[in-house]
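Chain residues, written in single-letter form:
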Amino acid sequence: MTTTPSQPSQLTLAEELILIALDDETGTLISLPPFALELGLASAVIGELTLKGRLDTDATHVFVTSKVPVDDSILDETLADIAAEPQQLPTETWLRRIAEEGQVLRDRVTMRLVKRGVLGTEEKRLLWVFKTRTYPPTSGIEEREVKSRIMTLLNNDDIPNPHDALLIGLLRSTGMFDVLLSRPEHERLRPRIDQLSNLEEINRSLSNTMSALQVALASAYIGPM
Amino acid sequence: MSATYSPAGRLDGSNAAAAESELLGLLSEQGAAVTVDLSKLDYVSSAGLRVFLSAAKAAKAKGGKLTLLSPKPAVMEVLQISGFDRILDIQS
């Protein structure tokens, strides 16, 4: 596959989330809690639109601050959907609504990373029969840059920029820190992860949505008590 | 140099960029001490909170100091929920 030089600093939150969600060795998605990636991507899209000054949030709602497109089809479609809604809806409602198309979103973001040369594609056979496509990193530079940036921030007391605070919240709520960090390291860094995540309201909404979902799934599994 | 910045009413996506620009201007000098008087601020959104974070980051980089002063209860609650009270200097 032809690749073009990528620019790590220009990756969106959703692109960075997918990059970290892919196993370096296999090029397949790591195991995450149900719907974690879909909700994480929904949160990444809303978060990106807040960074671009198109959306704003408070403790309860998402609201549009500008309808001017940002020249990004994924973001502009979401912005148009939110702008078309006659009334302001709770942040958690938008997260669930956008996450309903989470698998399509995941595939679109993944293909963007392929087009940018950050990921390659490989056809493999599963059990010698089923064809499957994997997305190994082409160089791994971008993923290493993202991880290095996050680990540096977690291990010092710097004030984060909003992009990194949002990303840390995404990694927390999707359970990716369980994969990225050893258990002792995760325990040591948990207060800092929580501190940085909570700086951004959308992270708290995502965390609440994930918690509610896990309770609902557990109730459905266990049955009525 | 010390200066006071006094936002009033709402600090949200509609005026956050202007507020950030003004605050960063006040903090541009090395070692500047800026007080943000919040006594007339009624509401702060996520975009407004980012203004404080950006200003605190700039102050730290320049060896300056940023103090948030006299937030109303509703604004203080937002600052506490988001953990800003553990990162920023907030005085009642």
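Please read these numbers as outputs of a predicted model, since none were measured by experiment.

> Any details on the confidence of the model for chain B? Residues and values, ideally.
The pLDDT averaged across chain B works out to 95; a share of 100% of its residues lies at or above 70. As a predicted assembly, this complex carries a pTM of 0.92 together with an ipTM value of 0.93.

> Give me the lowdown on the environment of Ile18 of chain A, citing residues and values where you can.
Residues and elements named next belong to chain A. When you line up the elements, Ile18 lands in helix 1 (residues 13-21). Each C-alpha atom of the pair Ile18 and Val109 lies 7.3 Å from the other, and the pair is 91 residues apart in sequence. Other than its neighbours up to four places away in sequence, Ile18 contacts Arg106, Val109, Thr110 and Leu113.

> A description of the packing of helix 2 (residues 36-51) of chain A against helix 3 (residues 73-84) of chain A should follow, citing residues and the corresponding values.
All names here are of chain A. Packing of helix 2 against helix 3 leaves a shortest axis separation of 10 Å and a crossing angle of 90 degrees. If you check the angle between helix 2 and helix 3, you find them roughly perpendicular. Along the contact surface, helix 2 presents Val45, Glu48 and Leu49, while helix 3 presents Ile74, Leu75, Thr78 and Leu79. Among the residues making up the contact of helix 2 with helix 3, the classes are represented as five nonpolar, one polar and one charged.

> Just give me the short version of the pairing of strand 3 (residues 122-126) of chain A, but keep the residues and values in it.
Residues and elements named next belong to chain A. The element strand 3 is largely exposed, with a buried count of zero among its five residues. Relative to strand 4 (residues 130-134), strand 3 is paired through five bridges, and the arrangement is antiparallel. Counted as the bridge partner of Glu123 is Arg133 from strand 4.

> Give me the lowdown on the sheet that holds strand 3 (residues 33-37) of chain B, citing residues and values where you can.
Residues and elements named next belong to chain B. Read across the sheet, four strands follow the order 1-3-5-6 without closing on themselves; strand pairing throughout is parallel. Looking along the sheet, the strands with just one partner apiece sit at the ends: strand 1 (2-5) and strand 6 (89-91). With direction set aside, neighbouring strand axes in the sheet form an average angle of 25 degrees. As paired strands, strand 3 and strand 5 (residues 65-69) are joined by five bridges and run parallel to one another. Within strand 5, the position partnered with Thr35 by the bridge is Thr67.

What counts and how
- Residues numbered from 1 in each chain as written.
- Chains lettered and ligands numbered in written order.
- Predicted model: local features only at pLDDT ≥ 70, side-chain atom pairs only at ≥ 80, totals over all residues.
- pLDDT = per-residue confidence, 0-100.
- Helix = DSSP H or I, 4+ residues; strand = E, 2+ residues; numbered from the N terminus.
- Contact = placed C-beta atoms within 7 Å.
- Axes fitted to C-alpha atoms, helices over the stretch in contact; angles between N-to-C directions.
- Parallel < 35°, antiparallel > 145°, perpendicular 65-115°, else oblique.
- Nonpolar A, V, L, I, M, F, W, Y, C, P; charged D, E, K, R; others polar.
- Buried ≥ 20, exposed ≤ 12 C-beta atoms within 10 Å, placed from the backbone.
- Pairing = 2+ DSSP bridges.

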